[in-house]
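Here are the chains, one letter per residue:
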Amino acid sequence: MHTQQPTPLDHSLATTTALDEAYFMPVFGKRMPLCAVAGQGLELIDQRGNRYLDMIGGIAVNVLGHAHPRLTRAICQQAGQLIHCSNYYYIPQQALLAKRLADLSGLDGARVFFGNSGAEANEAAIKLVRGFFYYQGKARSQIITTTHSFHGRTLATATATGQDQISRPFAPLPPGFSSVPFNDIKALSEAISDQTGAVMLELVQGERGVIPADPAYVDAVASLCRETGALLVVDEIQTGMGRTGRFFAYEQYGIKPDIVTLAKGLGGGLPIGAVLANGRASQGFRLGDHGSTFGGNPLACQAALAVLDEIEDAQLVQAAKTQGQLLMQGLRQVAAHQPLISDVRGMGLMVGVSYTAPIAVRLKEALMQAGILIGSVGETTSRLLPPLIIQPQELDTFLTVYKRELEALTT
Ligand SMILES: *Cc1c(COP(=O)(O)O)cnc(C)c1O
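Residues numbered from 1 in each chain as written. Predicted model: local features only at pLDDT ≥ 70, side-chain atom pairs only at ≥ 80, totals over all residues. Heavy atoms only, no water.

## Observations concerning the nonpolar core
- Residues Met 55, Leu 101, Leu 327, Leu 331, Phe 398 and Tyr 402 are the most contacted members of the largest nonpolar core, which totals 99 residues.
- The biggest single contributor to this core is helix H11 (residues 298-313), with 10 residues.
- Residues contacting Met 55, with those up to four places away along its chain left out, are Leu 327, Ile 372, Leu 373, Ile 374, Leu 384, Leu 385, Pro 386, Ile 390, Leu 395 and Phe 398.
- Counting 19 residues, the second-largest nonpolar core is a separate cluster that includes Ala 160, Phe 177, Leu 231 and Ala 281. (Core = buried A, V, L, I, M, F, W, Y, C linked by side-chain atoms within 4.5 Å. Buried < 20%, exposed > 50% of the residue type's maximum accessible area, 1.4 Å probe, protein only. Helix = DSSP H or I, 4+ residues; strand = E, 2+ residues; numbered from the N terminus. Contact = heavy atoms within 4.5 Å.)

Structure, rendered in structure tokens:
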């Protein structure tokens, strides 16, 4: 055992800000002025020891909150045993995690592949679609996505993302992607054809500000895919892991996609992503068609197994549903006396609030000062993605402070 102490880090905000501004690529712009150094349950703790109620949960990643004992123990034990080995060998945690996810998916003959992020999971899904038709000798490489969607930052997933500004500077972009308006079945029925390889969509558009798909739309999308033979790919990177009140959001809609992607909450904070496919769609990959050095390594898979165990034992899928209802009820009560709120929407613990004025950023900053962390989308939407372990009294605290800070903005 090493007795050496780790090198002490200078956690001061001034030092970190200066280093970040001098050396980190400026893609995240001006960040919120705190250094995250620790966490416990729903609380994130900064360099001064200030505690914040974390209602954004690492953007839907920290499903078990921070420093959850079961997850921490699993990671520490596994790190002391084996962090990584290549995929030249069998990895028990990987095989078991694949089975657990396949069972949870309810997809016929489900098979799983692990990468390290959401973008990689979607990238694998895109390759799988193309391979599926390639091996049948069919020219069906076209993938239709929806506008204002978000599927990741690699070249293919940024192109799949229906927001031009995310991919425009990086042309030439991979061909074979187009997007149609979300929740618009007419637009999809005009775009889909026997050249379409897949329709790929989120059932709740998260990065857009939590916009759920209409059930009738999702039904119609599934039918159009069946009629034309296109595969249906559902991006559950943000909606999965119980967040919406079912393990997968597609269960809410009573559909069965051909391919599903997961990431964010899967490792409870350790980087891991997964693509799941039914037996038929999984034939898009043959020997040597895909791979990953880190993907599905023992540490990440052991973390994911601990997350699944805790979700099951603590009934966190049900909790997401119940607490989500309480949160939305509470927000609607605030909205009833607050003309600034134009809309409260969401599913489970994935909630968006829209305003009649551009106050979302100022409100986020005011709430941080008051000890609460939330997200914002553009200038007019707040986004809430708290850990699934959130307790009713924490919801109460949030609602009280939120109401007060929102009122303070208007007076
Ligand atoms: C976050 C997200 C991604 C990208 O995941 P990364 O891990 O950042 O690559 C893709 N799709 C959806 C719906 C997401 O929310």
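Still to come is the rest of the account.
## Structural notes on the site of the ligand
- With respect to spatial proximity, the complete set of residues near the ligand consists of Ser 117, Gly 118, Ala 119, Asn 122, Phe 150, His 151, Gly 152, Glu 202, Asp 235, Ile 237, Gln 238 and Lys 264.
- Contact between the ligand and Gln 238: an oxygen atom at 2.7 Å from a side-chain N or O atom of the residue.
- Protein contacts shield 81% of the accessible area of the ligand, which totals 390 Å² for the unbound molecule.
- It is helix H5 (residues 118-134) that provides the largest number of residues to the shell around the ligand, a total of 3 residues.
- Taken together, the residues that form the shell around the ligand break down as 3 nonpolar, 6 polar and 3 charged. (Near = heavy atom within 4 Å. Polar contact = N/O pair within 3.5 Å; in protein donor to acceptor, adjacent residues only side chain to side chain. Areas by Shrake-Rupley, 256 points an atom, 1.4 Å probe, with all protein chains shown as cover. Nonpolar A, V, L, I, M, F, W, Y, C, P; charged D, E, K, R; others polar.)

## Let's talk about the sheet that holds strand E16 (residues 375-377)
- Ordered in space as E13-E14-E17-E16, the 4 strands form an open sheet in which the pairing is antiparallel. Here the strands that pair on one side only, and so sit at the sheet edges, are strand E13 (341-347) and E16. Averaged over all neighbouring strand pairs, the angle between strand axes comes to 25°, with direction disregarded.
- Where E13 lies against strand E14 (residues 350-355), 6 bridges are found, and the strand directions are antiparallel. Counted as the bridge partner of Arg 345 is Gly 352 from E14.
- Sitting on the sheet, helix H12 (residues 316-336) is in contact with E13, E14 and strand E17 (381-384), with an inclination near 175° to E13.
- Those strands touched by helix H13 (residues 360-369) are E14, E16 and E17, and its axis lies near 175° from that of E16. (Pairing = 2+ DSSP bridges. Axes fitted to C-alpha atoms, helices over the stretch in contact; angles between N-to-C directions.)

## A look at the packing of aromatic side chains
- Per the counting criterion, the structure on display carries 8 aromatic pairs.
- Centre to centre, the rings of Tyr 134 and Tyr 135 are 5.2 Å apart; their planes meet at 75°, and the pair counts as edge-to-face.
- Note on Tyr 134: relative accessible area 60%, which makes it exposed.
- Both rings, one in Phe 182 and one in Tyr 217, keep their centres 5.8 Å apart while their planes meet at 70°; by these two values the pair is edge-to-face. Taken as a pair, Phe 182 in the loop between strand E6 (177-180) and helix H8 (185-191) and Tyr 217 in helix H9 (residues 215-228) lie far apart in primary sequence, 35 residues in all.
- Look at Phe 182 and you get buried, because its relative accessible area is 9%.
- Here the basic side chain of Arg 31 rests over the ring of Phe 24, its NZ or CZ set 5.0 Å away from the ring centre.
- Looking at Arg 286, its charged tip hangs above the ring of Tyr 135, at a distance of 3.9 Å from the centre. (Phe/Tyr/Trp six-rings, centres within 6.5 Å; stacked < 30°, edge-to-face > 60°. Lys NZ or Arg CZ within 6 Å of the ring centre and 35° of its normal.)

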